[in-house]
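Understanding the architecture of this molecule
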Amino acid sequence: MNITAKTKKLGIIGFPVEHSFSPKMHNYISDKLGNDYIYTGFTVAPDSLGDAVRGIRALGMRGVNVTAPHKTEVMQYLDRVDPRAKRLGSVNTVVNDNGVLTGYNTDSDGFFAALRHSGIEVRGKRVLVMGCGGVAKPTLMRMTEESPRSVTLMNRTKSKAEVMADEIYRETGFKIETDPAELGFDVVINMTSAGMEPQEDTLPTELIDGLGTMDFIKDGMAAVDMIYNPPKTKFLREAEKRGANILNGLDMLIYQGIIAYELFTGTSLPDGMADDIRRDVFGAAAGVGS
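Residues numbered from 1 in each chain as written. Predicted model: local features only at pLDDT ≥ 70, side-chain atom pairs only at ≥ 80, totals over all residues. Heavy atoms only, no water.

1. Considering the overall build of the protein
Tallying secondary structure elements over the protein gives nine helices and 11 strands in all. Considering only C-alpha atoms, the protein reaches an extent of 60 × 40 × 35 Å along its principal axes. Across the protein, the fraction of contacts at a sequence separation of at least 24, relative to all contacts at a separation of at least 6, is 68%. A distance of 3 Å separates the average location of the 33 positive side-chain charges in the protein from that of its 38 negative side-chain charges. (Helix = DSSP H or I, 4+ residues; strand = E, 2+ residues; numbered from the N terminus. Contact = heavy atoms within 4.5 Å. Lys, Arg positive; Asp, Glu negative; His and termini not counted. Charge placed at Lys NZ, Arg CZ, Asp CG, Glu CD.)

See the structure below:
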């Protein structure tokens with residue numbers, strides 16, 4: 001990359017950001033396409049978020065991605081918020097158009113793009129979501145647009161799941177169950193931190209009353225984990241043993257990054273870019289990787 005004073009600046013803000021793969025991914029895309037952009041990370045403490053957003057304008061940055069814990073709070077500092085991002089209540093991409101900052105959400109579209117490219121269908125299916133973390137509500141809000149047959153949300157603290165289900169019902173009219181009459185599902189999604197360090201040997205089902213074991217996962221179901229490091233969590237390994245089609249969170253990361261890059265640059269990336277990123281940046285095959 002030939003970086004000059006004319007090189008356009010991009011980045012990611014969060015607290016922390018040292019773990020982020022976004023710089024490597026975005027710089028790979030720019031290098032591969034010969035685009036004059038540079039992308040880096042900025043650690044922004046919560047009490048400095050307003051200053052950081054104003055700095056996007058002051059420094060003439062083209063835009064930033066936004067990660068935890070700023071995805072909701074950042075909205076108050078923007079000039080505009082895309083209607084879908086406003087509906088989801090979460091912004092992970094900010095684009096600077098001549099000093100006008102607009103917020104978008106590419107997380108949810110990236111997640112469903114990953115499902116589609118892996119052959120996992122939500123429309124007309126019975127979906128179980130485990131966990132009420134920060135990514136849960138925008139994903140569930142977006143899921144209501146996909147016309148699932150049913151959605152069940154289960155969490156370690158059931159009252160939290162009930163509150164989130166009520167919020168989504170008020171906003172969308174879609175009723176999410178929190179106490180399944182029977183454990184019959186087509187798609188199971190882990191949105192808990194079970195499987196990540198230091199819970200590598202923990203199953204999300206162990207954290208939720210009413211599940212306990214993974215005996216309800218049957219041959220031909222789909223098991224999806226938002227976690228991509230490690231590539232195969234204990235949850236995915238156990239689901240695979242039971243004959244489920246498995247998918248980790250890597251493709252969600254890749255596709256949301258592609259959508260964000262297209263917003264930053266105003267261009268459409270060529271077909272096959274996701275495969276190139278998966279192979280060259282992450283050294284992984286399609287789906288789970290190895």
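2. A look at the UniProt feature "domain: Shikimate dehydrogenase substrate binding N-terminal" (unreviewed entry) in the protein
Under the UniProt annotation, "domain: Shikimate dehydrogenase substrate binding N-terminal" (unreviewed entry) lies at residues 12-94. In residues 12-94, helix accounts for 34% and strand for 22%; the two terminal C-alpha atoms are 10 Å from one another. (UniProt positions renumbered as here; feature names shortened; annotations may be inferred.)

3. Description of the packing of helix H8 (residues 250-265) against helix H9 (residues 273-280)
Where H8 meets H9, the axes come as close as 10 Å, and the angle between the chain directions of the two elements is 125 degrees. Comparing their axes, H9 and H8 come out oblique. For the crossing formed where H8 meets H9, the hand is right-handed. Where H8 abuts H9, its residues Leu250, Asp251, Ile254, Tyr255 and Ile258 lie against Met273, Ala274, Ile277 and Arg278. (Axes fitted to C-alpha atoms, helices over the stretch in contact; angles between N-to-C directions. Parallel < 35°, antiparallel > 145°, perpendicular 65-115°, else oblique. Left-handed = near helix turned anticlockwise from the far one by under 90°.)

4. Quick notes on the pairing of strand S6 (residues 100-104)
Of the pairings in the sheet, the one linking strand S4 (residues 80-81) to S6 comprises two bridges and is parallel in character. When the sheet's bridge partners are listed, Val81 is paired in S6 with Gly103. Two elements, strand S5 (residues 93-97) and S6, share five bridges in a ladder whose sense is antiparallel. Counted as the bridge partner of Val95 is Thr102 from S6. (Pairing = 2+ DSSP bridges.)

5. Brief notes about the pairing of strand S3 (residues 63-66)
Residues Gly63 and Asn65 point to one face of S3 and Val64 and Val66 to the other, with burial holding for every one of them. One ladder, built from four bridges, connects strand S1 (residues 8-14) with S3; its direction is parallel. Each bridged residue has a counterpart across the sheet, and for Leu10 the counterpart in S3 is Gly63. The sheet contact formed by S3 and S5 spans three bridges and is antiparallel. Of the residues in S5, the one forming a bridge with Asn65 is Thr93. (Buried < 20%, exposed > 50% of the residue type's maximum accessible area, 1.4 Å probe, protein only.)

6. Comments concerning helix H6 (residues 158-172)
It helps to recall that an α-helix has 3.6 residues per turn; residues three or four apart then point in one direction. In this model, H6 (15 residues) spans 21 Å end to end at C-alpha, consistent with the 21 Å of a helix rising 1.5 Å per residue. Listed as buried for H6 are Ala161, Met164, Ala165 and Ile168. For H6, the arc enclosing every buried residue in end-on projection is 100 degrees, short of the 170-degree limit, so these residues lie on one face. Backbone geometry just downstream of H6 places Gly173 in the positive-phi region, at approximately 80 degrees. (Expected span 1.5 Å × (residues − 1). Arc of directions from axis to C-beta.)

7. A few points about the packing of aromatic side chains
Tallied over the entire structure, the rule returns five aromatic pairs. Geometrically, the ring pair formed by Phe111 and Phe112 is edge-to-face, given 5.1 Å between the ring centres and 80 degrees between the ring planes. By relative accessible area, Phe111 is classed as buried at 3%. Aromatic rings pair up to connect Phe21, Tyr228 and Phe282 into one cluster. (Phe/Tyr/Trp six-rings, centres within 6.5 Å; stacked < 30°, edge-to-face > 60°.)

8. What about the sheet that holds strand S7 (residues 126-130)?
Spatially, S8-S7-S9-S10-S11 is the arrangement adopted by the five strands of the open sheet, whose pairing is parallel. Every interior strand has two partners, whereas the edge strands, strand S8 (150-154) and strand S11 (245-247), have only one. With strand direction ignored, the average angle separating the axes of adjacent strands in the sheet is 15 degrees. As judged from the four bridges shared by strand S9 (residues 187-190) and strand S10 (residues 222-225), these two strands associate in the parallel manner. When the sheet's bridge partners are listed, Ile189 is paired in S10 with Val224. Contacts from helix H7 (residues 234-241) reach S7, S9, S10 and S11, with the element oriented near 170 degrees to S10.

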